[in-house]
Structures are given as structure tokens and as C-alpha cells.
Amino acid sequence: DAMVIQNPRYQVTQFGKPVTLSCSQTLNHNVMYWYQQKSSQAPKLLFHYYDKDFNNEADTPDNFQSRRPNTSFCFLDIRSPGLGDAAMYLCATSRGRDRGKYEQYFGPGTRLTVT
Amino acid sequence: AQSVTQLGSHVSVSEGALVLLRCNYSSSVPPYLFWYVQYPNQGLQLLLKYTSAATLVKGINGFEAEFKKSETSFHLTKPSAHMSDAAEYFCAVSLTGANSKLTFGKGITLSVRP
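The shown structure was predicted, so the numbers you read here are calculated from the model rather than taken from an experiment.

Draft legend 1. Here's a closer look at the nonpolar core. All names here are of chain B. Membership of the largest hydrophobic core comes to 26 residues, with the highest contact counts inside it found for Trp35, Leu47, Leu48, Phe74, Leu76 and Tyr89. For this core, the secondary structure elements donating two or more residues are strand S3 (19–21), strand S5 (32–38), strand S6 (44–50), strand S8 (64–68), strand S9 (73–78), strand S10 (87–94) and strand S12 (108–113). Looking at this core element by element, the count peaks at 4 residues for S10. Residue contacts for Tyr89: discarding those within four places in its chain leaves Gln6, Leu21, Trp35, Tyr36, Val37, Leu47, Phe63, Leu76, Gly107, Ile108 and Leu110.

Structural data, given as C-alpha cells:
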């Protein structure tokens, strides 16, 4: 089945130690998104790629970076994780950027713990 | 700008009872409306989507939602709750266009009692 895969599902990192989360998709979608979801809160969009075009949300901290080396893969890099960055990180994909027209397909998420 | 309001954070129903999860939206133009479900430690799954084709939208797992413009509402219902429906439910709104944003409500946790 075509799907969105996130690895690892659970990640523990130390305060200030860089960490990378991975997302891959077999849907061949043009757009890939990264969301941060803290406990009992709505998902918050960090950034998205439309093909190779990177789009950062205005309130995303500089500590968060992303890479998309090819259509299938997208990475979330947290350069110096703080305790406040502990959250579930969700990757999603869609065929196009029109978020009314094109459904977003979500991966299972990576739960990040910062010690 | 668009927004959604999901009143309350938790709804509890008995198995077999009606499920009603409320969502009100704010938008200056006709919006697209969504309901997503999130099971514990899982990603979001689309339950249903309103695109203006029909005001009553049927989704997966027996859920449906009715778009009521006069009430700016898009409440989610299911006639008979099942234990497997216990999850978090998010209402979301988007406009159309390449610069559109998908805005989520804060979510409602549904518990189903045996």
C-alpha cells in the first residue's frame, strides 16, 4: 500500500544534542509537510516543501531545519533540542499545495523525548 | 483569516449511543472543512471532507457531518458509538488556493464506555 513512513517512531535525545527525524513516502506526492504536535494540542505546521521549494512558517524557530534530497524523502533536523521541543512530529504529504483541494496524508509520527 | 472552534476537550458516551462532536468555523469565504481522527500514538486520518458538493458528508467508519452555513457549523455524528471510536478528533478548515492554510481546532477526546 502507498503510504507515509516515519522513522523512528520514538526518539530520545539529550538537551542540546542534534537530532534528525525521517519521513518517506511512496505516494509520489509533490508536497511534504512537517507538523509539531504537543500533548493535547492541535498540530502546528513548521514548514513544507513543494517539490524542492522550501516554505518556512513565519513562527518556526531557527532551531528547526529541513531537507528534501528527493521526492520520496524529507528530514527534520533539530539543531539544539530544548525541553520545550519534546513533542510528536508528524509528516504529511499531498499532491498539491491547495490545502482545500488536496487531502493531506499523515504518517504515524515520531515521538521525541528530550532529556 | 479562518479558524475553527471545538468547544470542550472531552466527550464521553456509552457504547451504542449517539456520538456528537461539535465544530464551528469562521471564514470570510466558503471554506473547505475536514474532520480528522487520531488514535493514540498515531498520525491523523481523514474521516471526511466538505467541498461544497453536498451539505451532508458521509465519511469512513460510519461517521457523517452536516455543513450548516447559517450556523457556521460542521458537527460530526455517528448513530451508534463503538469502543474502537475512542480517539482524538480534530476539525480543520482551509480555503482554496496555493497559499491556503489548513487550520486545526484544538481537538476533542472521545471516550466510549462499555
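On we go.
Draft legend 2. Here's a closer look at the sheet that holds strand S8 (residues 73–78) of chain A. Residues and elements named next belong to chain A. One open sheet accounts for 4 strands, arranged S1-S3-S8-S7; its pairing is antiparallel. The strands lining the two open edges of the sheet, one partner per strand, are strand S1 (4–7) and strand S7 (64–67). When strand polarity is set aside, the average angle formed by the axes of neighbouring strands in this sheet is 20°.

Draft legend 3. Quick look at the layout of surface pockets. In this structure, the second largest pocket occupies an estimated 300 Å³ of space. If you trace the second largest pocket, you find 19 residues lining it, with Gln37, Ser40 and Arg111 of chain A together with Gln38 and Glu88 of chain B closest to the centre. Those elements that place two or more of their residues in the lining of the second largest pocket are S10 and S12 of chain B. Among the residues forming the lining of the second largest pocket, the class breakdown is 7 nonpolar, 9 polar and 3 charged.

Draft legend 4. Region of the structure containing the interface of chain B and chain A. Taken residue by residue, the interface counts 22 residues in chain B and 23 residues in chain A. When chain B packs against chain A, close to 1,700 Å² is buried across both sides, 48% of that on carbon and sulfur atoms. Counting the contacts that link chain B with chain A gives 1 salt bridge. Glu57 of chain A is the partner of Lys101 of chain B in a salt bridge, and the nearest nitrogen-oxygen pair spans 2.7 Å. Summed over the shared surface of chain B and chain A, the result is 8 residue pairs in polar contact (both at pLDDT 80 or more). Of all the secondary structure elements, the ones that give two or more residues to the side of chain B that touches chain A are S5, S6, S10 and strand S11 (102–104) of chain B. Of all the elements, S5 of chain B adds the most residues to the side of chain B that touches chain A, at 4 residues. By residue class, the composition of the side of chain B that touches chain A is 10 nonpolar, 9 polar and 3 charged.

Draft legend 5. Layout of the pairing of S8 of chain A. Residue and element names in this part refer to chain A. In terms of residue burial, S8 counts as a mostly covered element, since 5 of its 6 residues are buried. As paired elements, strand S3 (residues 19–25) and S8 share 6 bridges and run antiparallel to each other. Across the sheet, Thr20 pairs through a bridge with Asp77, a residue of S8. Summarising the sheet, S7 and S8 pair through 4 bridges and their orientation is antiparallel. Residue pairing for S8: Gln65 is matched across the bridge by Asp77. From the end of S7 to the start of S8, which pair antiparallel, there are 5 residues.

Parameters and conventions
Every chain begins its residue count from 1, and numbering advances along the sequence as written. Note on labels: chains are lettered from A, ligands numbered from 1, in written order. Reporting of local features is limited, given that this is a predicted model, to residues whose pLDDT is at least 70; pairs of side-chain atoms are given and counted only at 80 or more, and all residues count toward the totals for whole chains, interfaces and linings. In computing side-chain properties, one takes all heavy atoms of the structure into account and sets aside hydrogens as well as water. Grouping buried Ala, Val, Leu, Ile, Met, Phe, Trp, Tyr and Cys residues that are joined through side-chain atoms within 4.5 Å yields what is termed a nonpolar core. Only protein chains enter the area calculation, which uses a 1.4 Å probe; residues under 20% of their type maximum are buried, those over 50% are exposed, and those in between are partly exposed. Counting from the N terminus, the helices are DSSP H or I runs at least four residues long and the strands are E runs at least two residues long. In this analysis, two residues are considered to be in contact whenever any of their non-hydrogen atoms come within 4.5 Å of each other. By definition, two strands form a pair when at least two bridges between them are found by DSSP. The angle between two axes is taken between their N-to-C directions and runs from 0 to 180 degrees, where each axis is a line fitted to C-alpha atoms and a helix contributes only its stretch in contact. Computed over the protein atoms alone on a 1 Å grid, cavities are sets of points where a 1.4 Å probe fits but cannot get out and pockets are open sets with protein on both sides within 12 Å along at least five of seven lines; a residue lines them when it has an atom within 4 Å of a point. Grid points are joined across faces, edges and corners, and a volume is the space filled by probe spheres set on the points. Ten residues, namely Ala, Val, Leu, Ile, Met, Phe, Trp, Tyr, Cys and Pro, are considered nonpolar, four, namely Asp, Glu, Lys and Arg, are considered charged, and the remaining ones, Gly among them, are considered polar. Reported buried area values correspond to the accessible surface (1.4 Å probe) lost by two parts on association, with both partners' losses combined. One side-chain nitrogen of Lys or Arg within 4 Å of one carboxyl oxygen of Asp or Glu is enough to make a salt bridge. As used in this structure description, the phrase polar contact means that two N or O atoms lie within 3.5 Å; if the pair is within protein, one of them must be able to donate a hydrogen and the other to accept it, and residues adjacent in sequence are counted only when both atoms belong to side chains.

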